[in-house]
Amino acid sequence: MRLALYMRLARIDDEAELDAFEDELLDRFGPLPDAAEVLMDHSRIRIGARTLRIARIDAGPAAIALTPRRDFSADASRADLTKKDGRLLLSEKTANDERITRVRVLLETLGP
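First, a word on what this report is: a plain description of the structure on this page.

Cut-offs used in this document
- Residues numbered from 1 in each chain as written.
- Predicted model: local features only at pLDDT ≥ 70, side-chain atom pairs only at ≥ 80, totals over all residues.
- Heavy atoms only, no water.
- Helix = DSSP H or I, 4+ residues; strand = E, 2+ residues; numbered from the N terminus.
- Buried < 20%, exposed > 50% of the residue type's maximum accessible area, 1.4 Å probe, protein only.
- Lys, Arg positive; Asp, Glu negative; His and termini not counted.
- Salt bridge = Lys/Arg side-chain N within 4 Å of Asp/Glu carboxyl O.
- Polar contact = N/O pair within 3.5 Å; in protein donor to acceptor, adjacent residues only side chain to side chain.
- Axes fitted to C-alpha atoms, helices over the stretch in contact; angles between N-to-C directions.
- Parallel < 35°, antiparallel > 145°, perpendicular 65-115°, else oblique.
- Contact = heavy atoms within 4.5 Å.
- Nonpolar A, V, L, I, M, F, W, Y, C, P; charged D, E, K, R; others polar.

1. Remarks on the side chain of R99
Checked against the element boundaries, R99 lands in helix 4 (residues 99-110). Here R99 is buried and forms no salt bridge, its nearest opposite-charge partner D97 lying at an N-O distance of 7.6 Å. A polar contact is formed between the side chain of R99 and the backbone oxygen of T94, at a distance of 2.7 Å.

Shown next, in the form of structure tokens:
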């Protein structure tokens, strides 16, 4: 059952579908453990990056770097990103426990 759920999660490609999947998990199993919450956050980031045409995200303690695809068209200045070596950088210290949330907010800022 777990493998089937992982496979379904991997195929989800939009936010509404992910919300429905999460609601189903909550209905079937109750509150999600921390590891499952992190997995859902990573899925939201994956969907957001794909929608924005971002190929890669590197998030460390001193900065977040986005590698855009050729057809990336979001306004990077809205999120205070600077261009360097084909990447978009947000030079901002972020604690480990805040990094996932900060990446999600960054993607939301770039989104439509």
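2. Concerning the packing of helix 2 (residues 15-29) against helix 3 (residues 34-52)
Two elements in contact, helix 2 and helix 3, have axes whose closest approach is 10 Å; the angle formed by their N-to-C orientations is 170°. Classified by the angle between their axes, helix 2 and helix 3 sit roughly antiparallel to one another. Only E37, M40, S43, R44 and I47 of helix 3 make contact with helix 2, whose side of the interface consists of E15, L18, D19, F21, E22 and L25. Taken together, the residues of the contact of helix 2 with helix 3 sort by class into five nonpolar, one polar and five charged.

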